[in-house]
Amino acid sequence: MIYKRSSELFAEAQKVIPGGVNSPVRAFKGVGGHPIFVKEAKGAYMYDEDGNKLIDYINSWGPLILGHAHKPVVDAVIEKAKKGTSFGTPTELETKIAELAVKMVPNIDQIRMVNSGTEACMSAVRLARGFTGKDKIIKFAGCYHGHSDSFLIQAGSGAMTFGTPNSPGVTQGTAKDTLLAQYNDLENVKELVEANKDDLACIILEPVAGNMGCIPPAEGFLEGLKKLCDENGILLVFDEVMTGFRLAAGGVQERAGVNADIVCFGKVIGGGLPVGAFAARNEIMNYLAPVGPVYQAGTLSGNPLAMAAGYAMLSELNENRNIFESIDKKTEYLHEGMEKVLKDNNIEFTINRLGSMISVHFGNEPVINFDSSSNSASLGTFNKFFHGMLENGIYIAPSAFETWFISDALSYEDLDKTIEVVDKVAKTL
Ligand code: PMP
């Protein structure tokens, strides 16, 4: 494939945008080479500026669960835009999407819309601190909750890819209130809680991790955290930015049958427009301004175009719950197909999957936390794999520390083609 135009555009972009990108993982710095500049996309495919067609396994990092330019979403945005793009007043649609989210997600009474997953998690932690009157939080190494200061401590995603899990610019004062635990290690969390019992506002985690590759929670891990939180007056915060409205209509709370105290959303809830949200039961949400004392706000929060896209997306998922089973099956098919060809080619690998989140590590140690994800990353092999896939028209995440996001727009022919390419590329590793 030829990527001449993308290469030229990247050179231009780097002059006026730091690193040529508005979000670091896009830069391909981890895998080398230059990013692909996309011109348009439809369904399962993206078309780049050089005219290449790519089967997409990222789907804008998760939001596009029904594929690109999904007609009901696009139509809703166009119709809304004609009537004005922002008012800064309440609109009826905000109540409608809130009602729908509250209906789909178990265990929440109220939801507040923001503009990104970062804002959702940042606000959730502030609310947890305000509600409990305590300062410290526990997060897990390799989990990513956006780029707000409290979370850039052993963070996953781009921070992990670029070797900057602890970012300069985060003050020691802030960092000292974030305690770090190992994912899937309940004993480790118990020790931290025991030592900091009176100071802990919340434990925040990705209930299925997707920012160090895909890492499902070990059996009993989520239940154990819930019990520990309840016993110690700590709030459990599920960051369902990736998993919400993807792993089930009600996210991991529904799928695993474990209730959190505060839940964060992003990605799917905005249908591809900039939306995040956080939700909880009345008792907690009533702590939020203007009802309660914890301040949180946004000029464009609940923006009509974003709400139109999100409402169209959630309505379809709500009305057609078979979608979740359909994408799970497609992902399972991909999993089995890739597993077979990688085995046939004697490649060392570990595939982790839960529902429509899946990732491949080129090592055979079980990948269960930050350390095993780093140890098993085999970056040289991953980078070759990534470029081999791209060269053959398959677009996967440009980092070993990201999950792939399957969309229901992918056909079984697309999956077969992808498995064929994995076989072809495996022979070169
Ligand atoms: N939480 C999780 C679990 C995420 O995966 C992400 C982003 N990938 C975020 C929070 C931050 O969301 P955003 O990029 O929309 O700020």
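For the structure itself, look to the data block above.
To start, this report covers the structure provided alongside it. (Residues numbered from 1 in each chain as written. Predicted model: local features only at pLDDT ≥ 70, side-chain atom pairs only at ≥ 80, totals over all residues.)

1. Some details on the sheet that holds strand E10 (residues 276-280)
Pairing is mixed in the open sheet, where seven strands are placed in the order E4-E10-E9-E8-E7-E5-E6. In this open sheet, the two edge strands, each paired with only one partner strand, are strand E4 (110-114) and strand E6 (178-181). Pairwise comparison of adjacent strand axes, ignoring direction, gives a mean angle of 20° for this sheet. In terms of strand pairing, strand E8 (residues 235-239) meets strand E9 (residues 262-265) through three bridges, oriented parallel. When the sheet's bridge partners are listed, Val-237 is paired in E9 with Ile-262. Contacting E4, strand E5 (136-140), strand E7 (200-205), E8, E9 and E10, helix H4 (residues 117-132) crosses the sheet at an angle of about 165° to E9. Across the sheet, helix H7 (residues 186-196) is in contact with E5, E6 and E7; its angle to E6 comes to roughly 150°. (Pairing = 2+ DSSP bridges. Helix = DSSP H or I, 4+ residues; strand = E, 2+ residues; numbered from the N terminus. Axes fitted to C-alpha atoms, helices over the stretch in contact; angles between N-to-C directions. Contact = placed C-beta atoms within 7 Å.)

2. Observations concerning the sheet that holds strand E14 (residues 404-405)
What the three strands build is an open sheet, ordered E11-E12-E14; its pairing is antiparallel. Edge strands, defined here as strands with exactly one partner in the open sheet, are strand E11 (350-354) and E14. In this sheet, E14 lies alongside strand E12 (residues 357-361) in antiparallel orientation, the contact comprising two bridges. Bridge assignment links Met-357 to a residue of E14, and that residue is Phe-405. The strands touched by helix H12 (residues 322-344) within the sheet are E11 and E12, with E11 carrying the most contacts at an inclination of about 170°.

3. Examining H12
With 23 residues, H12 ought to run about 33 Å at 1.5 Å a step, and its terminal C-alpha atoms sit 33 Å apart, in line with that. Each element contacted by the buried residues of H12 is listed here: E11, E12 and helix H15 (412-426). Phi turns positive, to about 55°, at Asn-346, one or two residues after H12. (Expected span 1.5 Å × (residues − 1).)

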